[in-house]
Amino acid sequence: MQFEELQQLLNLKGVTLVAVSKTKPIEEIQKLYDKGQRIFGENKVQEILIKAPQLPPDIRWHMIGHLQKNKVKQLLPVVNMIQSIDGLELLKVVNNEASKLSKTIDVLLEVKIATEESKYGLSKEEVFQIAESYLNDGFENIRICGLMGMASFSDDAYLVKNEFIELKNLFEDLKIIFNNRPEFSILSMGMSGDYQLAIEAGSNMVRIGSLLFGHR
Ligand SMILES: *Cc1c(COP(=O)(O)O)cnc(C)c1O
């Protein structure tokens, strides 16, 4: 699909596009930047560290892959949002490193919604535990801005849609727990193969790679 076409469709629906540029070269990212795209998603710290200095400084980099605690320190100076917080200990490390930089970092909690066995992501119970800890224990250098999730890789639209609806419902529950803080506003769900279903279910941020850049 053409970038312009996708951008127009998402704009109409008020959905933010994260262009997932993992494995793609600088030139292709620059091309999309020249067409107006500013948010790019990567899943490896090393790749962001190599790419970011070679590209315009107003790109907003989103970390969307599993983040190891020992990589947080290197990542923080270049990243604008970490979408893949999948544990309380990781959140503590991010807060600690961000405080050393006197920086406040925007994050999303990654929730496991797929029925298939996926490695990373929080259970609902863990999400509630983290929310409680976040509200009670400070975390002054973290802003939890919403939730991220990936549905099952499946042709069963009914299954996929239901997983997205489950995440949307959790998102609404958390808004109440967070007392409608304005920054808790992002529901990041939907990829190349399922973004339409995700938007129907209430997504307001999609992470799209292969549809924009071609197959990896
Ligand atoms: C790779 C990736 C995407 C994009 O996948 P596409 O199917 O290429 O659109 C989205 N989210 C995460 C977490 C990813 O790792």
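Here we summarise the structure given alongside this text. (Residues numbered from 1 in each chain as written. Predicted model: local features only at pLDDT ≥ 70, side-chain atom pairs only at ≥ 80, totals over all residues. Heavy atoms only, no water.)

Some thoughts on the overall build of the protein
Then comes step 1: Check the secondary structure of the protein and you find nine helices and eight strands.
Then comes step 2: In terms of C-alpha radius of gyration, the protein reaches 17 Å, essentially the compact-globule figure of 17 Å for 216 residues.
Then comes step 3: With the C-alpha coordinates of the protein rotated into their principal frame, the extents come out at 45 × 40 × 30 Å.
Then comes step 4: A buried classification covers 50% of the 216 residues belonging to the protein.
Then comes step 5: Sequence separation of 24 or more characterises 58% of the internal contacts of the protein that already satisfy a separation of 6 or more.
Then comes step 6: Accessible surface, the protein as shown: approximately 10600 Å² in total, 48% of it carbon and sulfur.
Then comes step 7: When the 25 positive and 29 negative side-chain charges of the protein are each reduced to one mean point, those points stand 5 Å apart. (Helix = DSSP H or I, 4+ residues; strand = E, 2+ residues; numbered from the N terminus. Rg over C-alpha atoms; globule rule 2.2 N^0.38 Å. Buried < 20%, exposed > 50% of the residue type's maximum accessible area, 1.4 Å probe, protein only. Contact = heavy atoms within 4.5 Å. Areas by Shrake-Rupley, 256 points an atom, 1.4 Å probe, with all protein chains shown as cover. Lys, Arg positive; Asp, Glu negative; His and termini not counted. Charge placed at Lys NZ, Arg CZ, Asp CG, Glu CD.)

Re the site of the ligand
Then comes step 1: Taken together, the residues surrounding the ligand are Val20, Lys22, Ile64, Met150, Met191, Ser192, Arg207, Ile208, Gly209, Ser210 and Arg216.
Then comes step 2: Contact between the ligand and arginine 207: a nitrogen atom at 2.9 Å from a side-chain N or O atom of the residue.
Then comes step 3: One of the backbone N or O atoms of serine 210 is found 2.8 Å from an oxygen atom in the ligand.
Then comes step 4: Assessed atom by atom at 2 Å from the grid points, the ligand resides in the largest pocket. (Near = heavy atom within 4 Å. Polar contact = N/O pair within 3.5 Å; in protein donor to acceptor, adjacent residues only side chain to side chain. 1 Å grid on protein atoms, 1.4 Å probe; cavity = no way out; pocket = protein on both sides within 12 Å on 5 of 7 lines; lining within 4 Å. Sits in = over half its atoms within 2 Å of the grid points.)

So, the environment of valine 15
Then comes step 1: By the secondary structure assignment, valine 15 is in the loop between α1 (3-13) and β1 (16-20).
Then comes step 2: The exposure class assigned to valine 15 is buried, which follows from its relative accessible area of 6%.
Then comes step 3: Apart from the residues within four sequence positions on either side, valine 15 is in contact with Leu10, Ile199, Ser203, Asn204, Met205 and Val206.

Some remarks on the layout of surface pockets
The rolling of a water-molecule-sized probe over the atoms marks out the regions of remaining empty space.
Then comes step 1: Empty space within the largest pocket amounts to approximately 810 Å³.
Then comes step 2: Looking at the largest pocket, it is lined by 35 residues, and the ones nearest its centre are Lys22, Met150, Phe153, Met191 and Arg207.
Then comes step 3: Residue contributions to the lining of the largest pocket peak at three residues, all from strand β5 (residues 105-112).
Then comes step 4: For the lining of the largest pocket, a count of residues per class yields 15 nonpolar, ten polar and ten charged. (Points joined across faces, edges and corners; volume = space filled by probe spheres on them. Nonpolar A, V, L, I, M, F, W, Y, C, P; charged D, E, K, R; others polar.)

What about the environment of lysine 35?
Then comes step 1: Within the element layout of this structure, lysine 35 appears in the loop between α2 (26-34) and β2 (39-42).
Then comes step 2: The exposure class assigned to lysine 35 is partly exposed, which follows from its relative accessible area of 47%.
Then comes step 3: Sequence separation between lysine 35 and glutamate 4 is 31 residues; the distance between their C-alpha atoms is 8.1 Å.
Then comes step 4: Those residues within four positions of lysine 35 in sequence are excluded, and the remaining contacts are Phe3 and Glu4.

Here we look at α2
Then comes step 1: Every buried residue of α2 is listed here: Ile26, Ile29, Leu32 and Tyr33. What you see down the axis of α2 is that its buried residues fit within an arc of 130°, all on one side. Exposed positions of α2 whose direction lies more than 90 degrees from the buried face are Glu27, Lys31 and Asp34.
Then comes step 2: In this structure, the buried side of α2 is in contact with α1, β1, β2, α3 (45-51), β3 (60-63) and α9 (210-213).
Then comes step 3: Immediately beyond the C-terminal end of α2, within one or two residues, lies glycine 36, with a positive phi of roughly 115°. (Arc of directions from axis to C-beta.)

With respect to the packing of aromatic side chains
In this description, a pair of aromatic rings is defined by centroid distance and the angle of the planes.
Then comes step 1: A complete count under the given rule lists five aromatic pairs for this structure.
Then comes step 2: With a centroid separation of 6.1 Å and an interplanar angle of 45°, the aromatic rings of phenylalanine 40 and tryptophan 61 are classed as tilted. On the criterion of sequence distance, the pair formed by phenylalanine 40 in strand β2 and tryptophan 61 in strand β3 is long-range, its members being 21 residues apart. Exposure class is identical for phenylalanine 40 and tryptophan 61. Each is buried.
Then comes step 3: Ring centres of phenylalanine 178 and phenylalanine 184 lie 4.8 Å apart, and the angle between their planes is 50°; on these two criteria the pair is classed as tilted.
Then comes step 4: These aromatic residues form a ring-pair network of at least three members: Tyr134, Phe139, Phe171, Phe178 and Phe184.
Then comes step 5: If you follow arginine 38 out to its NZ or CZ, it ends over the ring of tyrosine 33, 3.6 Å from the centre. (Phe/Tyr/Trp six-rings, centres within 6.5 Å; stacked < 30°, edge-to-face > 60°. Lys NZ or Arg CZ within 6 Å of the ring centre and 35° of its normal.)

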